[in-house]
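# Inside the fold
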Amino acid sequence: MSSDQKEAANVGVFTAIEHAEYGHPASVLRLVERPMSEVEPGPHDALVRVSKRPIHPGDLLMIAGDKRGGRAAPIPAGAPRTPGFEGVGVIEKLGSNAAHQGQFAVGQRVMFLSGTGRTWATYSKVPVTSLVAVPDEVSDAVAAQILINTMTAQVVLRAGHNALPVPELPVTVIQTAAGSSVMRIVTALGQKIGLTMIRLVRTRAGAELLEASLPGTPVIATEASGWQEQVRSAMGSRPVHVIFDAVGGALVDDLTSLLSDGGTVVNFGWLGTGAPDLSGFAPRGLAFKGVVFTEWMNFSLAEQKQHRDMAMQLAKEAPHVFAIAGEYPLADFRKAIEHASGPGKNGVVLLTSQVGL
Ligand SMILES: NC(=O)c1ccc[n+]([C@@H]2O[C@H](COP(=O)([O-])OP(=O)(O)OC[C@H]3O[C@@H](n4cnc5c(N)ncnc54)[C@H](OP(=O)(O)O)[C@@H]3O)[C@@H](O)[C@H]2O)c1
């Protein structure tokens, strides 16, 4: 009997990807069957049958134990870790207290954050406080990738706002890795609030792809010689006080020449190589500000609601912002990871719950 058939016949197992040690994802990850008793919901939990989950760069960094993905907690012997920070699915069972509250119902479609990771499995036990209802107009493929990337985008925008000498429009910002999933959302939200954005990608092919899929603001390829001149020409006489950066590395040195004195690089990722030379920051009063999506939890409840509403609205009216690079069954996780890690990807790679064995 295949894993798909066993699950369909409800013989008490679910399928998960797990690792017992940190290392190269292709080497340390395994597809396994686990007993359903492991995901039996407690009083405040829901059992979610997960349909799709994204492969975030942060998932791969965490599996590799790379500090750019955050702190890798020791994996206890005999208790392998299942990756995956978010996902979408259907509530299959509610714990006693959760059912009593009546906020969610069995059969309802929800997206959720899993905290320390565990959505790369066909079932997940999720605290009801982590569930968000998915409107009918939003597909599973979009819902699976909404939470972390929109939270990151809001944290980035807030850090940029806080860094402005005068928080008034017009504001011109430069974005690096502008074709990345997070930066596409930053662009879309930035356009809504009236920011003027100059977008950088590394290749001409990437620039063409981004201009075609998300038009509206200039896209400049850093592989072209004289790209900084192109940026200056796009800036015109407008100062740039803030750069939104997901590349880091040696590119930071090139970026700071475009920044006004007193300006800030808001960094949320380190896709690049090399080390920046920050020795010129102090004399020019420049700042380098790292941000992480979990800072979003510090926003007021009213702001969080406003951000969630904006994210849902964006997902409904502009689903192309949440581009899908590819979908793979869980058993093809190695192919999916290769796709997610490779260059020229347009959007998020998703793992689907068709186990495929
Ligand atoms: N701080 C946080 O809380 C947080 C949250 C979410 C994500 N992140 C980080 O944010 C970054 C983007 O994540 P994502 O999910 O949006 O990424 P993504 O969708 O996987 O896209 C990656 C993008 O980066 C570009 N890229 C890759 N290497 C590059 C390099 N060396 N120089 C310039 N561009 C490069 C790729 O462009 P090509 O087309 O040229 O390949 C692609 O457009 C990652 O570093 C991720 O870890 C951080």
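Residues numbered from 1 in each chain as written. Predicted model: local features only at pLDDT ≥ 70, side-chain atom pairs only at ≥ 80, totals over all residues. Heavy atoms only, no water.

### Some points on helix α9 (residues 227–235)
The condition is simple: The cut-offs for exposure are 20% and 50% of the maximum accessible area for each residue type, with area from a 1.4 Å probe on protein chains only; residues under the lower value are buried, those over the upper are exposed, and the others partly exposed. We count a stretch as a helix when DSSP gives it H or I for four or more residues in a row; a strand needs E for two or more, and each element gets its number in order from the N terminus. This arc corresponds to the set of directions leading from the helix axis out to the C-beta atoms. In what follows, residue pairs with any heavy atoms lying within 4.5 Å of each other are defined as contacts.
Turning to α9, its buried residues are Trp227, Val231 and Met235. All buried residues of α9 project into a common sector of 85° when viewed along the axis, lining one side. Of the surrounding elements, those touching the buried residues of α9 are β8 (172–175), β9 (196–201), β10 (219–221), β11 (240–245) and α10 (251–256). Gly236 sits one or two residues past α9 and shows a positive phi near 60°.

### Section: the nonpolar core
When a protein is soluble and globular, its nonpolar side chains tend to lie buried together. Going by this rule: Nonpolar cores are built from buried Ala, Val, Leu, Ile, Met, Phe, Trp, Tyr and Cys residues. Side-chain atoms within 4.5 Å join them into one set.
Judged by nonpolar contacts, the single largest core of 76 residues is most densely connected at Met111, Ile146, Ile174, Val231 and Phe244. With ten residues, helix α6 (residues 146–163) is the largest single contributor of residues to this core. Not counting chain neighbours up to four residues away, the residues in contact with Ile146 comprise Glu86, Met111, Val138, Ala311, Met312, Ala315 and Phe322. Listed in part, the 15 residues of the second largest apolar core include Leu29, Trp120, Leu330 and Val349.

### Some remarks on the sheet that holds β11
Applicable threshold: In this description, strands pair whenever DSSP reports at least two bridges between them. For helices, the axis comes from a line fit to the C-alpha atoms of the stretch in contact; other axes are also lines fit to C-alpha atoms, and the angle between any two N-to-C directions lies between 0 and 180 degrees.
Taken together, six strands build an open sheet; the order of strands is β10-β9-β8-β11-β12-β13 and the sheet is parallel. At either margin of the open sheet sits one strand with a lone partner, and together these are β10 and β13 (287–290). This sheet shows a mean twist of 20° between the axes of neighbouring strands, independent of strand direction. As defined by bridge partners, β11 adjoins strand β12 (residues 264–267) across four bridges and the pair is classed as parallel. Bridge pairing in β12 places Asp245 opposite Asn267. Along the sheet, α6 makes contact with β11 and β12, crossing β11 at roughly 160°. On the sheet, α9 packs against β8, β9, β10 and β11 and is oriented at approximately 170° with respect to β9.

### Overview of the pairing of β8
On β8, burial covers both faces: Thr172 and Ile174 on one face and Val173 and Gln175 on the other are all buried. Relative to β9, β8 is paired through four bridges, and the arrangement is parallel. Considered in β9, the bridge of Ile174 is made with Ile198. Pairing between β8 and β11: four bridges, direction parallel. Looking across to β11, one finds that Ile174 is bridged to Ile243.

### Quick notes on the domain arrangement of the protein
Spelled out, the test is: Domain extents, as shown, originate in an automatic or database domain assignment. By convention, the term buried area covers the 1.4 Å-probe accessible surface removed from two parts as they join, with the contributions of both added.
Looking at the assigned domains, one finds that the protein contains domain 1 (3–145 + 322–352) and domain 2 (149–295). Summarising the inter-unit geometry, the C-alpha centres of domain 1 and domain 2 are found 31 Å apart. Counting from both sides, the interface comprises twelve residues of domain 1 and, opposite them, ten residues of domain 2. Here domain 1 meets domain 2 over a buried area of about 850 Å², counting both sides, of which 55% is carbon and sulfur.

### Regarding the environment of Arg68
Just so we agree on the cut-off: Under the rule applied, a polar contact is a pair of N or O atoms within 3.5 Å (in protein, one hydrogen donor and one hydrogen acceptor; residues adjacent in sequence only if both atoms are side-chain atoms).
Tracing the chain through its elements places Arg68 in the loop between α3 (57–64) and β4 (86–94). Taking relative accessible area as the criterion, Arg68 reaches 45% and is therefore assigned partly exposed. Sequence separation of Arg68 and Gly194 is 126 residues, and the distance between their C-alpha atoms is 31 Å. If we ignore the near neighbours within four places in the chain, the residues touching Arg68 are Leu61 and Trp270. Looking at Arg68, its side chain comes within polar contact range of the main-chain oxygen of Trp270, at 2.9 Å.

### Re the packing of helix α7 (residues 181–192) against helix α12 (residues 301–317)
Where we set the bar: Orientation categories follow fixed angle ranges, with anything under 35 degrees roughly parallel, anything over 145 roughly antiparallel, 65 to 115 roughly perpendicular, and all other angles oblique.
Two elements in contact, α7 and α12, have axes separated by 12 Å at closest approach and are oriented at 100°. Between α7 and α12, the angle is such that the two are roughly perpendicular. Contacts between α7 and α12 involve Ile185, Ala188, Leu189 and Lys192 on the former and, on the latter, Met310, Leu314 and Glu317.

### Considerations on the pairing of β12
As a reminder of what qualifies: Seen with its strands pointing away from the viewer, a crossover is right-handed if its path from the first strand over the helix to the second goes clockwise.
Taking every second residue as pointing to the same face, both faces of β12 are buried, with Thr264 and Val266 on one and Val265 and Asn267 on the other. Chirality of the crossover, the property in question, places the unit of β11, α10 and β12 among those that are right-handed. The pairing of β12 with β13 spans four bridges and is classified as parallel. Bridging from a neighbouring strand, Val266 pairs with Lys289 of β13.

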